[in-house]
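Read off the chains here:
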Amino acid sequence: MTEQAPIVIVGTGLSGYSLAREIRKQDKETPVIMVTADDGVSYSKPMLSTGFTKGKDAGGLAQASTEAMAEQLNVRVRTFTTVTGIDTQGHELVLGDERLVYRKLVLAWGADVIRLSLEGDGQEHVFSINDLMDYREFRKALGDGKRVAIMGAGLIGCEFANDLRNGGYEVDVIAPSEVVMPGLLPDVAANAVQQELENLGVRFHLGTVVDRIDRQGGGVALSLANGETLDADLVLSAVGLRPRIGLAEAAGIATGRGITVNRALETSAPDVYALGDCAEVDGHVLLYVLPLMACARALAKTLTGERTEVRYGTMPVMIKTPCCPTAVCPPAPDARGSWDVEQDGTDVKALFKSPDGEVLGFAVTGRFALEKQALSREVPPIHG
Ligand code: FAD
């Protein structure tokens, strides 16, 4: 390793590009190389579930070409280049047969979609959307199809259900939970979102799972565990994400649910850092934009000479179901208290209060969603 070796960032998602942007605010010249398995096009991933509502296809959701990003950030971007290993002793990234020396290495390589292994011969009709290239494929495959079955009723499944209905598609959602977005929303808010999605025409099949997917005509037939059969042109699998830890683990870097980092975003290996969907930051795995932006700001300072710890404030999540605007700030998993609910139809204001009345979290739907900013100021920050 030489002093001139670059900072290498793996990943050109929101984490990678946000970090490069923050580094350039501190230092215009330090050599930075970005390595990505995809095409390096800059886009905002949360917008993928708003394409039909906003009248945009994959091309319309792209924000800047790779070349434009490289020029704007004064970085080199290596596209369609997959990292296959890390030599932490030698300070080298392994790219198949090639090795790339780094001075500092940042892992911003995101999370993998969980893929269910299902019976049946209709698997080529099953899509997952975790980046712009996936979205392009999905829109192309949708073609003239009119019916989409979504597996999973989490945030991503519900957002796509709303968006596809706005695009005029028939939508069935199948999920094992009895409510939508379990673990994220309290039941009362989840029921409100489900109700408004149903009013929009989404059909829910909860408390059951897809057993098999078989080809049928130009589409598929889905057999559910509860005995129902559904027809669809395409299946969208939105059953969850798992931080990418395999390569880090193989390199001897400590991992837990994500790549383990402290508040300075340092992994257990010298000069190797992680942020974004792949990272477990001080025990928190938060697959959202606000946390990664906070990490990018702190890490840019560290990488340019001023070791800085990230400080998470409150982290509200906006759920993009326009039929039922929703915001949630989940209480800490170990918080003691109970939900205090005000409800008017599908307008819900649920406050999670401690025994002495302090607001530790909230979920608001419908007209109460307007209160999200004021409520966010009441909830204590994650890093108090
Ligand atoms: P990614 O964007 O996944 O980037 C990973 C990068 O690493 C890619 O460039 C990839 O090619 C590269 N890579 C991976 N493996 C390798 C390898 N081995 N070698 C080289 N390169 C590799 N969050 C919110 O806060 N609010 C929202 O409303 C919201 N809505 C969402 C809607 C959808 C449909 C989805 C899917 C997510 C949403 N999220 C939302 C989550 C948010 O978008 C993510 O947390 C964030 O975009 C993650 O960015 P990232 O850069 O960490 O990972």
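Here the structure is a predicted model, which means the values were calculated and not measured. Just so you know, the residues in each chain are numbered from 1, in the order the chain's sequence is written. Selection of residues for local features in this predicted model requires a pLDDT of at least 70, selection of side-chain atom pairs for listing and counting requires 80 or more, and totals for whole chains, interfaces and linings are taken over all residues. The side-chain numbers reported here are obtained from all heavy atoms of the structure, hydrogens and water having been left aside.

1. Some details on the sheet that holds strand 9 (residues 104–107)
Paired through their backbone hydrogen bonds, the strands of a sheet run either parallel or antiparallel.
Step number 1: The parallel open sheet is built from five strands, whose spatial order is 5-2-1-9-21. Both edges of this open sheet fall to strand 5 (76–78) and strand 21 (272–274), since each of them pairs with a single strand only. The sheet shows a mean angle of 20° between the axes of neighbouring strands, direction not considered. Only when DSSP finds a minimum of two bridges between them are two strands counted as paired. Helix and strand assignments follow DSSP, with helices taken as H or I runs no shorter than four residues and strands as E runs no shorter than two, numbered in order from the N terminus. The angle between two axes is taken between their N-to-C directions and runs from 0 to 180 degrees, where each axis is a line fitted to C-alpha atoms and a helix contributes only its stretch in contact.

2. Focus on the environment of Ala269
Step number 1: Relative to the helices and strands, Ala269 resides in the loop between strand 20 (259–261) and strand 21.
Step number 2: Each residue is placed in one exposure class: buried if its accessible area under a 1.4 Å probe, protein chains only, is under 20% of its type's maximum, exposed if it is over 50%, and partly exposed if it falls in between. What makes Ala269 buried here is its relative accessible area of 9%.
Step number 3: With 28 residues separating them along the chain, Ala269 and Leu241 place their C-alpha atoms 25 Å apart.
Step number 4: Apart from the residues within four sequence positions on either side, Ala269 is in contact with Thr88 and Ile253. We call two residues in contact whenever any of their non-hydrogen atoms come within 4.5 Å of each other.

3. Considering the packing of aromatic side chains
Step number 1: Aromatic rings from Phe, Tyr and Trp, taking only the six-membered ring of Trp, are treated as a pair when their centres fall within 6.5 Å; an angle between ring planes under 30 degrees marks them as stacked, one over 60 as edge-to-face, and anything in between as tilted. One pass over the full model with this rule turns up three aromatic pairs.
Step number 2: Considering the side-chain rings of Trp339 and Phe352, the 5.3 Å spacing of their centres and the 75° angle between planes classify their relative orientation as edge-to-face. Of the two residues, Trp339 sits in strand 25 (residues 338–344) while Phe352 sits in strand 26 (residues 347–353), which places them 13 residues apart along the sequence.
Step number 3: A residue is classified by how much of its surface remains accessible, and Trp339, at 32% relative accessible area, is partly exposed.
Step number 4: We classify Phe352 as buried; its relative accessible area is 8%.

4. Side note on the pairing of strand 2 (residues 32–35)
Step number 1: The alternating pattern of strand 2 places Val32 and Met34 and Ile33 and Val35 on opposite faces, both of which are buried.
Step number 2: Judged from the three bridges that link them, strand 2 and strand 5 form a sheet pairing that is parallel. Its bridge partner lying in strand 5, Ile33 is registered against Arg76.

5. Topic: the UniProt feature "domain: FAD/NAD(P)-binding" (unreviewed entry) in the protein chain
Step number 1: UniProt positions are given in the numbering used here, feature names are shortened, and annotations may be inferred rather than shown by experiment. Look at the UniProt record and you will see "domain: FAD/NAD(P)-binding" (unreviewed entry) annotated at residues 7–279.
Step number 2: Its end C-alpha atoms 18 Å apart, residues 7–279 is made of 24% helix and 30% strand.

6. A few points about helix 6 (residues 187–199)
Step number 1: With 13 residues, helix 6 should cover 18 Å at 1.5 Å per step; its first-to-last C-alpha distance of 18 Å lies within 8% of that length.
Step number 2: All of the buried residues in helix 6 are Ala189, Ala190, Ala192, Val193, Gln194, Glu196 and Leu197.
Step number 3: Buried-residue contacts for helix 6 involve helix 5 (155–166), strand 14 (203–206), strand 24 (326–329), strand 26 and strand 27 (359–365).
Step number 4: Phi for Gly201, located one or two positions after helix 6, is positive at around 110°. Multiplying 1.5 Å by the residue count of a helix minus one yields the expected span of that helix.

7. A word on the nonpolar core
Step number 1: We call a set of buried residues a nonpolar core when its members are Ala, Val, Leu, Ile, Met, Phe, Trp, Tyr or Cys and they connect through side-chain atoms within 4.5 Å of each other. Of all hydrophobic cores here, the largest spans 54 residues; its most connected members are Ile9, Leu19 and Leu93.
Step number 2: Broken down by element, the residue count for this core peaks at seven residues, all from helix 8 (residues 289–303).
Step number 3: For Leu19, the residues in contact, after removing those within four places along its chain, are Ile9, Val106, Leu275, Ala296, Leu299, Ala300 and Leu303.
Step number 4: Core analysis: the next-biggest nonpolar cluster, separate from the first, contains 47 residues, Val41, Leu48, Leu184 and Ala363 among them.

8. Details of the site of the ligand
Step number 1: Neighbouring the ligand are 32 residues, the closest being Ser15, Val83, Asp277, Val289 and Lys320.
Step number 2: At a separation of 3.0 Å, an oxygen atom of the ligand approaches a polar backbone atom of Thr12.
Step number 3: Polar contacts, as counted here, are pairs of nitrogen or oxygen atoms within 3.5 Å of one another; within protein the pair requires one atom able to donate a hydrogen and one able to accept it, and residues that are adjacent in sequence qualify only if both atoms are side-chain atoms. Asp38 is positioned such that a nitrogen or oxygen atom in its side chain is 3.1 Å from an oxygen atom of the ligand.
Step number 4: Those elements giving two or more residues to the shell around the ligand turn out to be helix 1 (14–26), helix 5 and helix 8. A cutoff of 4 Å decides nearness: a residue is near a molecule or strand if any of its heavy atoms lies inside that distance of it.

9. Examining the layout of surface pockets
Step number 1: Lining residues are defined by having an atom within 4 Å of a point belonging to a cavity or pocket. Those points lie on a 1 Å grid over the protein atoms alone, cavities being sets where a 1.4 Å probe fits but cannot get out and pockets being open sets with protein on both sides within 12 Å along at least five of seven lines. Grid points are joined across faces, edges and corners, and a volume is the space filled by probe spheres set on the points. Of the volumes computed, that of the second largest pocket is approximately 180 Å³.
Step number 2: For the second largest pocket, the full set of lining residues is Asp112, Val113, Arg115, Val126, Phe127, Ser128, Asn130, Asp131, Asp134, Glu137 and Arg244.
Step number 3: Counting only elements with at least two residues in the lining of the second largest pocket, the list comes to strand 10 (111–113), strand 11 (126–127) and helix 4 (132–142).
Step number 4: Broken down by class, the residue content of the lining of the second largest pocket amounts to three nonpolar, two polar and six charged. Residues are grouped as follows: nonpolar covers Ala, Val, Leu, Ile, Met, Phe, Trp, Tyr, Cys and Pro; charged covers Asp, Glu, Lys and Arg; every other residue, Gly included, is treated as polar.

10. A short note on the packing of helix 1 against helix 3 (residues 66–73)
Step number 1: Two numbers describe how helix 1 lies on helix 3: the axes approach to 10 Å, and their chain directions differ by 25°. The orientation of helix 1 relative to helix 3 falls into the category roughly parallel. Within the contact between the two elements, helix 1 uses Tyr17, Ala20, Arg21 and Arg24 and helix 3 uses Thr66, Met69, Gln72 and Leu73.
Step number 2: When grouped by side-chain class, the residues that make up the contact of helix 1 with helix 3 number four nonpolar, two polar and two charged. The scheme is simple: roughly parallel for angles under 35 degrees, roughly antiparallel for over 145, roughly perpendicular for 65 to 115, oblique for anything else.

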